[in-house]
Amino acid sequence: MGVVHRGRGGELRADVAHPRERQDRQYRYRAGDREQRVLVSAYLLVSRSAEYETRLQSLLGERLAVIPGEFLTFGPDSVVSRVAGSPRIALLGPVLNYEETRGLVEALTAKHPDLGLIVVREQRSDLEDWVDELALHAVLSPDAGDDTTIRLLDRLAEWLVENGRAIASDFDAPAALEIDEEILGVLDVGLESGVDSSAPVPEEPEPEPRPEPEPEPEAPAWEFPPLDAGTPTEAIAVVAPKGGQGKTTIAINLATGLAEVAPNSVVLVDADLQFGDITAALALSPARTIVDAVADAAADELVLKTTLTHHEDGFFVVASAPSPELGDQVSPRALAQLIDRLRSAFRYVIIDTTPGLGEHTLITLEHVTDAVFVTVMGVPSLRAMRTEFELLTRLALMPGNRHIVVNQTDKNSGLTTKDVESILGAPVDFEVPKSSAVLLASNRGVPLIHDDVRDPAAKAIRSIVLRIAPEAFPKRSRIQRRRRSNEPE
Ligand SMILES: Nc1ncnc2c1ncn2[C@@H]1O[C@H](COP(=O)(O)OP(=O)(O)OP(=O)(O)O)[C@@H](O)[C@H]1O
Ligand SMILES: [Mg+2]
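The structure presented is a predicted model; accordingly, all values stated were derived computationally and were not measured.

**Let's talk about the overall build of the chain**
So, point 1. Across its full length, the chain carries 19 helices and 16 strands.
So, point 2. Counting across all 489 residues of the chain, residues that qualify as buried make up 50%.
So, point 3. In the chain, of all internal contacts separated by at least 6 residues, the share reaching a separation of at least 24 is 74%.
So, point 4. Of the accessible surface of the chain, which amounts to about 23,400 Å², a share of 49% is contributed by carbon and sulfur atoms.

**Looking at the environment of Ala371**
So, point 1. Along the chain, the position of Ala371 falls in strand S14 (residues 370-375).
So, point 2. Residue Ala371 is classed as buried on the basis of its relative accessible area of 0%.
So, point 3. Between the C-alpha atoms of Ala371 and Ile351, which are 20 residues apart in sequence, the distance is 9.3 Å.
So, point 4. The residues touching Ala371, leaving out its near neighbours within four places in the chain, are Ala237, Leu365, Pro399, Asn401, Arg402 and His403.

**Thoughts on unusual backbone geometry**
So, point 1. Residue Pro94 is bonded to the preceding Gly93 through a cis peptide linkage, with omega at 0°.
So, point 2. Secondary-structure assignment places Pro94 in the loop between strand S5 (89-92) and helix H4 (98-111).
So, point 3. Located in the positive-phi region is Asn264, a residue other than glycine, with phi close to 60°.
So, point 4. Mapped onto the elements of the fold, Asn264 is located in the loop between helix H8 (247-261) and strand S10 (266-271).
So, point 5. A relative accessible area of 16% means that Asn264 is categorised as buried.

**Some words on the sheet that holds strand S6 (residues 116-120)**
So, point 1. Reading across from one edge, S4-S3-S5-S6-S7 is the order of the 5 strands in this open sheet, with parallel pairing throughout. The outermost strands of the open sheet, each flanked by one partner alone, are strand S4 (64-68) and strand S7 (138-140). Adjacent strand axes in the sheet meet at a mean angle of 20°, parallel and antiparallel pairs treated alike.
So, point 2. As judged from the 4 bridges shared by strand S3 (residues 43-47) and S5, these two strands associate in the parallel manner. Paired with Leu44 across the strands is Ala90, a residue of S5.
So, point 3. On top of the sheet, H4 reaches S3, S5 and S6; it is set at about 165° to S5, its chief contact.

**Structural notes on the nonpolar core**
So, point 1. Counting residues in hydrophobic clusters, the biggest one holds 69 residues, and the most contacted among them are Val269 and Ile290.
So, point 2. Residues lining this core come from more than one domain, with at least three contributed by each of domain 1 (40-174) and domain 2 (234-478).
So, point 3. With 37 residues, the next largest nonpolar core counts Ile236, Ile250, Val405 and Ala441 among its residues.

**Concerning the confidence of the model for the chain**
So, point 1. Of the residues in the chain, 78% reach a pLDDT of 70 or more, and the chain-wide mean stands at 81.
So, point 2. Here residues 1-38 is a poorly scored stretch, pLDDT under 50, and it has 92 contacts once near neighbours within four places are set aside; other chains count.
So, point 3. Between residues 483-489, whose pLDDT stays under 50, and residues either more than four places distant or in other chains, the model counts 8 contacts.

**A few points about the side chain of Ser41**
So, point 1. With respect to the element layout, Ser41 can be found in the loop between helix H1 (19-31) and S3.
So, point 2. Within the structure, Ser41 has its side chain in polar contact with the backbone oxygen of Glu62 (distance 2.9 Å).

Cut-off values and rules
- Residues numbered from 1 in each chain as written.
- Chains lettered and ligands numbered in written order.
- Predicted model: local features only at pLDDT ≥ 70, side-chain atom pairs only at ≥ 80, totals over all residues.
- Heavy atoms only, no water.
- Helix = DSSP H or I, 4+ residues; strand = E, 2+ residues; numbered from the N terminus.
- Buried < 20%, exposed > 50% of the residue type's maximum accessible area, 1.4 Å probe, protein only.
- Contact = heavy atoms within 4.5 Å.
- Areas by Shrake-Rupley, 256 points an atom, 1.4 Å probe, with all protein chains shown as cover.
- Pairing = 2+ DSSP bridges.
- Axes fitted to C-alpha atoms, helices over the stretch in contact; angles between N-to-C directions.
- Core = buried A, V, L, I, M, F, W, Y, C linked by side-chain atoms within 4.5 Å.
- Domains from an automatic or database assignment.
- pLDDT = per-residue confidence, 0-100.
- Polar contact = N/O pair within 3.5 Å; in protein donor to acceptor, adjacent residues only side chain to side chain.

So, in structure tokens, the structure goes:
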């Protein structure tokens, strides 16, 4: 298979012999779409020094990908998930501490075992321990001159090539690739199905068997109220930097409350792709999931609607993937497209997310009107939330409407609202008290605000609904409290 590589020195036609080379070039193409190809860089820098970033960028240009060290607040996996393709050499630092560097080395080498590792750090007495314990290939002073830096990078690149860990052309500047039709045929499968474009590409793909003709989609048994042209639609992401803060609880009850204002025009998307638990918390048994909702067949609006699961309180659910592996295959781009498509058919789209700021959550934030930030009252959670705000502001990804919810408030926490606000650096919009009714409702498979209307946590969540939809003023007739199992009919 021929690949035309237009590099700096003109045009080079090569038969791709090296399996890794072929795989990476395919990856490069698959990592972007036809118009916007993502360039996969050989060098990766994770640092907290904007000045060092700029310096290295001026030395390496497009050969360098930079990931801000601030992402380390959400764990090393948050950094690794942002790495496109297979970098060959990673520079870690300056301004990363030992624990952060160790976490990064482990996470990066688990995914890219052949990676060359350089720590960028001043000479200090403990440096030898770093080198021994972290299996680094080199240490570079942040003050090293350009020549020294380039010489070190070249030496490490040569060593990686000599040891079969890389090939010389890996270190070329990335260039747009033209790929022949035969490869394109293979690539289309990943691009159009919404499946993660970073999934490994098989070396010799079997020709795809022709798919069985899809059975005619069944007409859904419920009504989808038509959305009049011009009706404003809202998409609301529920996010938190750490797990277990109450995102799912808030998302479910927001959907329930909003469905009182816009019955059957609310959809709740479980974008906690690997471990989503919305259907379990609502005692639903979904026939289809988000994997079906982003598949080719769901390009047809009627088919997309058959992938939704209806809840009797008047909203729909896009269920999470049936297994973490399948969830992993839903690409960020496919999730964003799904949100946009749902916004054209539903008045409110609520998105429950994975903890942290992985790629899926970042792209979700780009496609919503509102974000509900949920944190509990612990100092580590509050600090992580503050860092999340700072990072989103820096990346210009803060949605237009921000709602801050402090969940599980407890007067014995030792913190006042004022303390919380000073740690967060922002005013608190809602406080949802700790309540045993939350767990009871979840175990019963009923949304809290319908399970126990008088519960203080339910009332607090209702006030979030009211802020998003002021017309959702709770009229008694609208609130259909469910009978508890031990109550007479
Ligand atoms: N206000 C509250 N009072 C008491 N318990 C609560 C409250 N809010 C949430 N919980 C409980 O805390 C736990 C975590 O809540 P939830 O699943 O909503 O959080 P999450 O942020 O979605 O978690 P994950 O990150 O695992 O998806 C659950 O057991 C839930 O019942
Ligand atoms: Mg959750």
